[in-house]
Amino acid sequence: MDTSKELLFFFSALGAFNGIILGVYFFFFTKKKHLTNYFLGALLFALSIRIAKSVFVYFHPELPKMYLQFGLTACFFIGPCLYYFVKSAVDEVQIMPKSWKFILAFWGTLIVAVGVLYPYEVYPKLWGGYFIRIIYFQWFVYIVFAGFELRNVLKKIVSRKEKITPAEMWFSMLYFGNFLLFLFYFLAIMGASAATYISGAVVFSFILYLGISILLYRKKTDDLFLLNRKISNKKIDSAEAAMWFEKLENAMFDKVLYKNPNLTLQDLSQEINISSHQLSQFLNNNLGKNFTSFVNEFRINEACKIIASSDKLTLESVGYDVGFNSKSTFFAAFKKHKGTTPLNYQIQVLQP
């Protein structure tokens, strides 16, 4: 390779390598373990694998076909990781719902099964024709879904009428960067004259280093992952707050929404007809609690009623009945709100 190609290879390959390192950092070494961190780490890892495949195959096309299959397999997870990265931030999800785990497991099982039954080495036309189009279509669909979740933030950026927070700028940059990557790869697949696989790798490296620069420049980075939380310290006025609180209690008591284990901030905000940002601000500044703590109070109070009324149900089943996803989550939340374990509480209320 000549000097220009060597520099291009070095810059592109280094971007893929640093993407993996940064993904590992978000997955294991951030101080505060937001769910968004994990999905960002997984997103960077999947992107880096995809980019690394493009780089090495572009400069060494004689590599075995399994590298192509490995890269396309990683590509299959880019869309889902992007979508759940955005949604976990918008809805302030801290514990991954079972539905998300099921969908990710489904995609993983599907792509692995296809890879085993129809390996690229044996079916290159199938992968190069049908499978690659399905993979990129799935990626595009998730980009659209993620854009829908970010629609309010994107509107703010386009209109420029409101002040944009660092978190909103951060998420928008990552979203548009992902869209640009998809666009370059899609144009390359469609045979556009100016688009090549290596151009996607260059774009990825540029966006990655821009993101690293932002992280290094800012002394505080936790607020980059809290898209809706405590944007403002201003309390909602008393009349409006009383109305919202009444609507929340009606939604919780009459419709028992807290029993839905997959209940999100956005679901609850839609139920009382306000934005998720307004609801988050109200919960934090007026009630002094976050969404998870607010919902868990209703669940714990209901659990206490069930425990006090009967000793025939197991504590684990009580937790599931009131809306918790797991036994450990139920026990931890109960101890936090009541200062004792469910078992000790059962002994206290049922003793003669």
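Residues numbered from 1 in each chain as written. Predicted model: local features only at pLDDT ≥ 70, side-chain atom pairs only at ≥ 80, totals over all residues. Heavy atoms only, no water.

**Some remarks on the overall build of the protein chain**
Regarding its fold elements, the protein chain presents 16 helices and 0 strands. A burial count over the protein chain gives 47% of its 352 residues as buried. Of the contacts formed within the protein chain by residues at least 6 apart in sequence, a portion of 71% connects residues at least 24 apart. Roughly 18600 Å² of accessible area belongs to the protein chain as shown, and the carbon and sulfur atoms make up 64% of that amount. (Helix = DSSP H or I, 4+ residues; strand = E, 2+ residues; numbered from the N terminus. Buried < 20%, exposed > 50% of the residue type's maximum accessible area, 1.4 Å probe, protein only. Contact = heavy atoms within 4.5 Å. Areas by Shrake-Rupley, 256 points an atom, 1.4 Å probe, with all protein chains shown as cover.)

**Let's talk about a nonpolar patch on the surface**
On the surface, a cluster of nonpolar side chains totalling about 460 Å² of accessible area is made up of Phe179, Leu180, Leu183, Phe186, Leu187 and Met190. On the secondary structure map, leucine 187 appears in helix 8 (residues 166–189). On the basis of relative accessible area, leucine 187 is assigned to the partly exposed category, the value being 33%. (Patch = residues over 30% accessible without salt bridge, like charges linked within 9 Å, V, L, I, M, F, W, Y side chains within 5 Å. Salt bridge = Lys/Arg side-chain N within 4 Å of Asp/Glu carboxyl O.)

**Re the nonpolar core**
If you look at the biggest cluster of nonpolar residues, it comprises 53 residues, and the most contacted ones within it are Leu40, Phe85, Trp127, Ile135, Tyr136, Trp139 and Leu150. Looking at which element gives the most residues to this core, the answer is helix 2 (residues 35–59), with 10 residues. (Core = buried A, V, L, I, M, F, W, Y, C linked by side-chain atoms within 4.5 Å.)

**Focus: the packing of helix 4 (residues 78–90) against helix 6 (residues 124–149)**
Closest axis-to-axis distance for the helix 4/helix 6 pair is 8 Å, and the angle between their directions is 10°. Viewed along their axes, helix 4 and helix 6 adopt a mutual orientation that is roughly parallel. Residues Ile78, Gly79, Pro80, Leu82, Tyr83, Val86, Lys87 and Val90 of helix 4 touch helix 6, and the partners they reach there are Gln138, Trp139, Tyr142, Ile143, Phe145, Ala146 and Glu149. Counted by class, the contact of helix 4 with helix 6 contains 11 nonpolar, 2 polar and 2 charged residues. (Axes fitted to C-alpha atoms, helices over the stretch in contact; angles between N-to-C directions. Parallel < 35°, antiparallel > 145°, perpendicular 65-115°, else oblique. Nonpolar A, V, L, I, M, F, W, Y, C, P; charged D, E, K, R; others polar.)

**Remarks on unusual backbone geometry**
The phi torsion of most residues other than glycine is negative, and most of the peptide bonds are trans. A positive phi is found at valine 256, a non-glycine position, where the angle reads about 40°. Inspection of the secondary structure assignment puts valine 256 in the loop between helix 10 (238–253) and helix 11 (265–271). Assessed through its relative accessible area of 32%, valine 256 is described here as partly exposed.

**Examining the side chain of threonine 340**
Counting through the fold element by element, threonine 340 comes out in the loop between helix 15 (327–338) and helix 16 (342–350). Owing to a relative accessible area of 13%, threonine 340 belongs among the buried residues under this scheme.

**Some points on the packing of aromatic side chains**
A complete count under the given rule lists 28 aromatic pairs for this structure. Ring centres of phenylalanine 76 and tryptophan 107 lie 5.2 Å apart, and the angle between their planes is 85°; this geometry places the pair in the edge-to-face category. Separated by 31 residues along the polypeptide, phenylalanine 76 in the loop between helix 3 (65–75) and helix 4 and tryptophan 107 in helix 5 (residues 98–117) bring together distant segments of the chain. Centre to centre, the rings of phenylalanine 294 and phenylalanine 298 are 5.2 Å apart; their planes meet at 70°, and the pair counts as edge-to-face. In this pair, phenylalanine 294 and phenylalanine 298 both sit in helix 13 (residues 291–309), 4 residues apart, roughly one turn of the helix. The rings of Phe39, Phe76, Tyr83, Tyr84, Trp100, Phe106, Trp107, Tyr142 and Phe145 are connected pair by pair, giving a single aromatic cluster. The lysine or arginine in question, arginine 151, covers the ring of phenylalanine 148, its NZ or CZ lying 4.0 Å from the ring centre. (Phe/Tyr/Trp six-rings, centres within 6.5 Å; stacked < 30°, edge-to-face > 60°. Lys NZ or Arg CZ within 6 Å of the ring centre and 35° of its normal.)

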